[in-house]
Amino acid sequence: MLAPRKALCVCLSPILLALAHTPAVGAPIPDLVRATHLPLNTVAVTTFSFAAAEMAMPEGQQPELPVISNDDPFKLHTQSLYGTIGGRMMGAVNPAVAKKASDLYGQIVRPSSLLRSNLLMHLPNRAGEAARRLQMGRDAGMRTVLTAVGTPLWNSSDPDGEPIWWATLPPFARAVPIDMQAWADDLADVLEEMRDNHGIVPDYLEIWNEPDRHEWWNGTAEEILDLIEITSNTIRNRMPNDPILLGGPGLAGGMSDMGVGKSLLVQIVENAALTGHPLDFLSWHHYHLSTGLRFYNTAGQVRDALSENNIYGVELLVTEWNIFASPVGNPEAIEFDTSHAAANLAGFLATAAQVALDGNCFFMLHDVQDQSGIADLAGKASGALTFRGVKKPVYRVMEFMYQMADEPRVKVDFPEGELALSVLATRSGNRIRMVISNDVVESEWAWNEGCKARGTKPGKLAAALDLCLQNGWQVTVENLELCGLTTEEAEVVLEVIPLSQEAERLEQTNRTAQIQITDWVTVTPVQVWRFDSQHNAPASRREEIVPMLEWVEDQALHLAYDAMAAYLITEEVDPPPFDEVIPDTVEAFAKMLETSEEIAERAWLIYFDTLGNERLAHVDLLNSLPATSVQGELPEAAGVRMVGDTLLVTLEPDSVTILDIQL
């Protein structure tokens, strides 16, 4: 996913602000951290970065009523150990801008971790570029996921389709193939070329990407089922000796039904049982609540479907996830560079361990940038590493958690219904390490899920509530009925408002995680690392870092230019002036150089490959600066307390605390 999501979601900020002055509701509501600044006379429906499909559960699969917070303690069973998580904890999407990024990531991951990249079937030179990306992952010791997506123009059923400004694919490439067998054969040809000419094939082949979103697929559920069936059979029949695991489809939301009434993932399972086509894994994406894997129980529902259809050994992968899908047009994009992304990571990985997810790919490994200047730590991209290699808080927490993947996991009981706080614990000898996160539940999410859990439509209820407030009326069942709701719907509004208010309060309030030691052993807190607004927060100290980033950029630009110029001189082509902006396309570069596209392409690749790698040439130095290095604390200084048999750890909203205790 490279484009912003446009999922319809209720915007509650103006409503809750107005309710603070409405006598029918009660206590005033605090000012909102994430107010959208819509006027109160605006019908409060807008767009947010949640996955649309996750927000529309199929009939009969509504989640339980959300519990925003639970003051009961977590329970740590120091003597109850599970097996290690290993490589299942680790993975990323790699835009393949710089091999150095994959190599750096390879230093912290373990075997069987995943690195995913795309195979855009509508573009030329597909095999060579895909092989290059896969080799980056293989060189880093990782397993590779290749997502095949896009319809070539010659096979497109809609060559003049509707443009979508944020879409990665052009209109024709989003269309259903006219001949699905031809599309599958074309893909097999590419894979065979990769094997025969480049010596590599993917470990996992993901068939399509987000078919439940119109900017990726304009067809029906039945048509994507047919494409998966035909393609899986074709690849297995044509390449029987190549160990390629087949599956997909990288669904935007695990519960997306594409209008059929049951998750497309379940439909794929049932179709595989009916037709016998190969099915090695199922995959979906996750862009919202970090603990959503537990709340929505996607993995459990899919595993039930597999068992009911007597299909076994199918892996479940989340091949794309983060707090948001994109920084484009996102007023909260700075959170990619702050502790919020780290809190989302810690909560997601703790939940993934609980539901025994088979693999995941964080979106994404490395920031992607054009030639627009120094944008590191400025909320311009979603990677774990900045453009020039500063390790964001999310990467630093990866470093801790990936080390824990080789240690036995310690049993932790969660308070029932807790959705914001998470704890993952592992043990090495007499040391237990806990990653404790507070990834807050946003009020908009609470409103949506509270309404849906009661069988009502969040948008309809929010619009009626807003109309009631526009009229200056008290929020009562009778007045909401005058605004178009039934009695039952009006009662839901009154029930869900306090849930949203509680979420709103906790978005601005520190939480104290209580971790009870259940085994009657004495524990001693020994070391703490905090990732919040004040600790290990390089974005808050960006001005200190920028001069070093400017030096790194200057070095990289000169080295990239020198490498390109040296090649052009051997081809008897005059290099462009140093300060000339290199075009984004090979065709434009060839015109600038007045040379062939073959020479221009080689020079273009040399320039940008060198630039990407040299931007990451000083990672160790950059991450040893006072503003970027990780600083630990003594437990007392971090406010960690032991009261009886219970550890008390206070966390800011959207923050992480890593705590070592000694038995």
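Residues numbered from 1 in each chain as written. Predicted model: local features only at pLDDT ≥ 70, side-chain atom pairs only at ≥ 80, totals over all residues. Heavy atoms only, no water.

A.B. asks: What should I look at first to understand the overall build of the chain in this one?
C.D. replies: In terms of regular secondary structure, the chain is built from 18 helices and 19 strands. Residues classed as buried in the chain amount to 60% of the 663 residues present. Restricting the contact set of the chain to residue pairs at least 6 apart, pairs at least 24 apart contribute 76%. Roughly 25,200 Å² of accessible area belongs to the chain as shown, and the carbon and sulfur atoms make up 50% of that amount. (Helix = DSSP H or I, 4+ residues; strand = E, 2+ residues; numbered from the N terminus. Buried < 20%, exposed > 50% of the residue type's maximum accessible area, 1.4 Å probe, protein only. Contact = heavy atoms within 4.5 Å. Areas by Shrake-Rupley, 256 points an atom, 1.4 Å probe, with all protein chains shown as cover.)

A.B. asks: Would you explain a negative patch on the surface in this entry?
C.D. replies: Side chains of E571, E572, E587, E597, E598 and E601 sit close together on the surface and give a patch of like negative charge. Residue position: E571 is located in the loop between α15 (542–570) and α16 (586–593). Exposure remark for E571: the relative accessible area of 34% places this residue in the partly exposed category. (Patch = residues over 30% accessible without salt bridge, like charges linked within 9 Å, V, L, I, M, F, W, Y side chains within 5 Å. Salt bridge = Lys/Arg side-chain N within 4 Å of Asp/Glu carboxyl O. Lys, Arg positive; Asp, Glu negative; His and termini not counted. Charge placed at Lys NZ, Arg CZ, Asp CG, Glu CD.)

A.B. asks: Explain the side chain of T351 here, please?
C.D. replies: Inspection of the secondary structure puts T351 in helix α9 (residues 339–354). Looking at T351, its side chain comes within polar contact range of the main-chain oxygen of G347, at 2.7 Å. (Polar contact = N/O pair within 3.5 Å; in protein donor to acceptor, adjacent residues only side chain to side chain.)

A.B. asks: What should I look at first to understand the sheet that holds strand β3 (residues 74–81) in this one?
C.D. replies: By definition, the strands of a sheet pair up through backbone hydrogen bonds, in either a parallel or an antiparallel sense. What the five strands build is an open sheet, ordered β12-β3-β15-β18-β17; its pairing is mixed. Since the sheet does not close on itself, it has two edges, and those belong to β12 (410–413) and β17 (641–643), each with one partner. Strand-to-strand twist of the sheet, defined as the mean angle between neighbouring strand axes without regard to direction, takes the value 30 degrees. Sheet topology note: the β3/β12 ladder contains four bridges and is antiparallel. Pairing of L76 across the sheet is with V412, part of β12. (Pairing = 2+ DSSP bridges. Axes fitted to C-alpha atoms, helices over the stretch in contact; angles between N-to-C directions.)

A.B. asks: Explanation requested: the nonpolar core in the structure shown.
C.D. replies: Where a protein is soluble and globular, its nonpolar side chains tend to be buried together. Ranked by internal contacts, the top residues of the largest apolar core, which has 106 residues, are Y105 and M398. In this structure M398 touches Y105, I108, L345, F362 and A384, once residues within four positions along its chain are discounted. The next biggest cluster of nonpolar side chains, apart from the first, holds 23 residues, and it includes V410, V423, I436 and V523. (Core = buried A, V, L, I, M, F, W, Y, C linked by side-chain atoms within 4.5 Å.)

A.B. asks: Any chance you could explain the packing of helix α12 (residues 458–470) against helix α14 (residues 487–506) here in plain terms?
C.D. replies: Direction vectors running N to C along α12 and α14 enclose 85 degrees, while the axes themselves pass 10 Å from each other. Taken together, the axes of α12 and α14 are roughly perpendicular relative to one another. Facing α12, whose interface residues are K460, L461 and L465, α14 presents E489, V492, V493 and I497. A per-class count over the contact of α12 with α14 returns five nonpolar, no polar and two charged. (Parallel < 35°, antiparallel > 145°, perpendicular 65-115°, else oblique. Nonpolar A, V, L, I, M, F, W, Y, C, P; charged D, E, K, R; others polar.)

A.B. asks: For this particular structure, what's the right way to read the packing of aromatic side chains?
C.D. replies: Inspection of every chain in the model, using the stated rule, returns 16 aromatic pairs. On the numbers, 6.3 Å between centres and 80 degrees between planes, the contact of Y287 with F363 is edge-to-face. Note that Y287 is positioned in the loop between β9 (281–286) and α7 (292–296) and F363 in the loop between β11 (359–362) and α10 (393–404), a separation of 76 residues in sequence. For Y287, a relative accessible area of 0% gives the class buried. On the basis of relative accessibility, which here comes to 2%, the residue F363 falls in the buried class. When the ring of W604 is compared with that of F608, the centres are 4.9 Å apart and the planes differ by 55 degrees; the resulting orientation is tilted. Here W604 pairs with F608, and both are found in helix α17 (residues 597–615), just four residues apart, close to one helical turn. The exposure class assigned to F608 is partly exposed, which follows from its relative accessible area of 21%. Three or more aromatic residues joined by ring pairs form one cluster here, namely W183, W208 and W217. (Phe/Tyr/Trp six-rings, centres within 6.5 Å; stacked < 30°, edge-to-face > 60°.)

A.B. asks: What is the right way to look at the sheet that holds strand β14 (residues 431–438) in this model?
C.D. replies: In spatial order, the strands read β13-β14-β19-β16; together these four strands make up an open sheet with antiparallel pairing. Unpaired on one side and paired on the other, β13 (421–428) and β16 (524–531) mark the two borders of the sheet. Strand-to-strand twist of the sheet, defined as the mean angle between neighbouring strand axes without regard to direction, takes the value 15 degrees.

A.B. asks: Which parts of the structure should I look at to understand unusual backbone geometry?
C.D. replies: Backbone phi values are negative for most residues with the exception of glycine, while trans is the configuration of most peptide bonds. Following G248, the chain continues into P249 via a peptide bond in cis, with omega recorded as 0 degrees. If you trace the backbone, P249 turns up in strand β8 (residues 245–251). Cis peptide bonds are those with omega within 30 degrees of zero, and the linkage from F363 to M364 qualifies with 0 degrees. Within the secondary structure layout, M364 lies in the loop between β11 and α10. Phi is positive for W208, close to 75 degrees, though the residue is something other than glycine. Along the chain, the position of W208 falls in the loop between β7 (204–207) and α5 (221–238). On the basis of relative accessible area, W208 is assigned to the buried category, the value being 0%. Despite not being glycine, L377 has its phi angle at roughly 60 degrees, a positive value. Considering the arrangement of structural elements, one finds L377 in the loop between β11 and α10.

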